[in-house]
Amino acid sequence: MENQNPAISITENVLHFKAQGHGAKGDNVYEFHLEFLDLVKPEPVYKLTQRQVNITVQKKVSQWWERLTKQEKRPLFLAPDFDRWLDESDAEMELRAKEEERLNKLRLESEGSPETLTNLRKGYLFMYNLVQFLGFSWIFVNLTVRFCILGKESFYDTFHTVADMMYFCQMLAVVETINAAIGVTTSPVLPSLIQLLGRNFILFIIFGTMEEMQNKAVVFFVFYLWSAIEIFRYSFYMLTCIDMDWKVLTWLRYTLWIPLYPLGCLAEAVSVIQSIPIFNETGRFSFTLPYPVKIKVRFSFFLQIYLIMIFLGLYINFRHLYKQRRRRYGQKKKKIH
């Protein structure tokens, strides 16, 4: 039937419909009245097509009706659309599904979507690596410029020139180990912890507590090697956070540690060896066991043990870095002719 200008209204809770249309029997006027079981809103919405009229009527109160019309007997012209039919249990399931969807949306908004959390993590790591890169770059450039101007004379006041910045960078490095421990980064905890404890022992105990060590040339080599390693490592991590891959920097990050790490450990070992007679002379950190043993334990004894631990830590970190490099630049399979 082709509908033309339908008249649709609701008065006193009764739907009135009247329209002229062309059907199988020619032009006719189609009309019906439908009184609803309960109150409805008096503003029906309808959509007119070539074959039908879709009328939407809303209840005034959202509740379950026993039937559609006030009269118990269903009008002959009225038939349910079972494709869109919902009984009471279906309606409850639909409401429950909508409620669960609403709660899930609220939970995601409160917790943050996975994409948002990933962006926050990348932003946090980018800022951390940027700060460390700038700190170690300042140390490296400062030492390089001073050496170019003053030559070997710059070795002996290195500590007083850059120690504050080195203290800052090494204290901030604690964050790197925490990140690995709580899963913010995928780095293993042990290599990060070994490097953190080893460097901070040299910085705070060997150099920081002994003024006699602060004027030695070995301080320059320790600080210079540490900063040379870190400026390439932190800049690489920084660019990784923003999904950038600079091949030259990547190669430097996975290659420069091969000569620099052993040299750095050697410089640390030299500083420990040079500090042993100073600690023996001053007696700092030495102690005497209580009665009846009464044996004096010199701090130099622990320094000798620490010398062994330096090279054990070098082996662990060297092995870790070698595995990283092999994963990045795996050996190409040779062709078999």
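Thresholds, definitions, all that
- Residues numbered from 1 in each chain as written.
- Predicted model: local features only at pLDDT ≥ 70, side-chain atom pairs only at ≥ 80, totals over all residues.
- Heavy atoms only, no water.
- UniProt positions renumbered as here; feature names shortened; annotations may be inferred.
- Helix = DSSP H or I, 4+ residues; strand = E, 2+ residues; numbered from the N terminus.
- Pairing = 2+ DSSP bridges.
- Axes fitted to C-alpha atoms, helices over the stretch in contact; angles between N-to-C directions.
- Left-handed = near helix turned anticlockwise from the far one by under 90°.
- Contact = heavy atoms within 4.5 Å.
- Nonpolar A, V, L, I, M, F, W, Y, C, P; charged D, E, K, R; others polar.
- Patch = residues over 30% accessible without salt bridge, like charges linked within 9 Å, V, L, I, M, F, W, Y side chains within 5 Å.
- Areas by Shrake-Rupley, 256 points an atom, 1.4 Å probe, with all protein chains shown as cover.
- Salt bridge = Lys/Arg side-chain N within 4 Å of Asp/Glu carboxyl O.
- Polar contact = N/O pair within 3.5 Å; in protein donor to acceptor, adjacent residues only side chain to side chain.
- Buried < 20%, exposed > 50% of the residue type's maximum accessible area, 1.4 Å probe, protein only.
- Arc of directions from axis to C-beta.

Caption draft 1: Focus on the UniProt feature "transmembrane region" (unreviewed entry) in the protein. Here the UniProt feature "transmembrane region" (unreviewed entry) sits at residues 125-145, 216-236, 256-279 and 299-318. When the span residues 125-145 is considered, its composition is 100% helix and 0% strand, and the gap between its end C-alpha atoms is 30 Å. With 100% helix and 0% strand, the stretch residues 299-318 has end C-alpha atoms that lie 28 Å from each other.

Caption draft 2: Representation of the pairing of strand β4 (residues 45-48) within the structure. When β4 meets strand β5 (residues 53-56), the two strands line up antiparallel, connected through four bridges. Its bridge partner lying in β5, V45 is registered against T56. Counted along the chain from β4 to the antiparallel partner β5, the turn is four residues long.

Caption draft 3: Broad picture of the packing of helix α5 (residues 189-207) against helix α9 (residues 257-282). Put simply, α5 and α9 touch, their axes get as near as 11 Å, and they point 35 degrees apart. Every pair of crossing elements has a handedness; the one defined by α5 and α9 is left-handed. Residue-level contacts link Q195, R199, I202, I205, I206 and F207 of α5 to Y261, E268, S271, V272, S275 and F279 of α9. When its residues are assigned to classes, the contact of α5 with α9 shows seven nonpolar, three polar and two charged.

Caption draft 4: Representation of a nonpolar patch on the surface within the structure. There is a patch of nonpolar side chains on the surface, built from F287, L289, V293, I295, F301, F302, I305 and M309 and spanning about 700 Å² of accessible area. Residue contributions to the nonpolar patch peak at four residues, all from helix α10 (residues 299-328). Of note, L289 is situated in the loop between β6 (287-288) and β7 (296-297).

Caption draft 5: Region of interest: the side chain of N200. Along the polypeptide, N200 turns up in helix α5. At 3.3 Å, the side chain of N200 and the side chain of Q170 are in polar contact. Not counting residues up to four positions away in its chain, the partners in contact with N200 are Q170 and I205.

Caption draft 6: Structural view of helix α4 (residues 174-182). Taken together, the buried positions of α4 are occupied by E176, T177, N179 and A180. Down the axis of α4, the smallest arc covering the buried residues is 155 degrees, so these residues share one side. Those residues of α4 that are exposed and aimed more than 90 degrees away from the buried face are A181 and I182.

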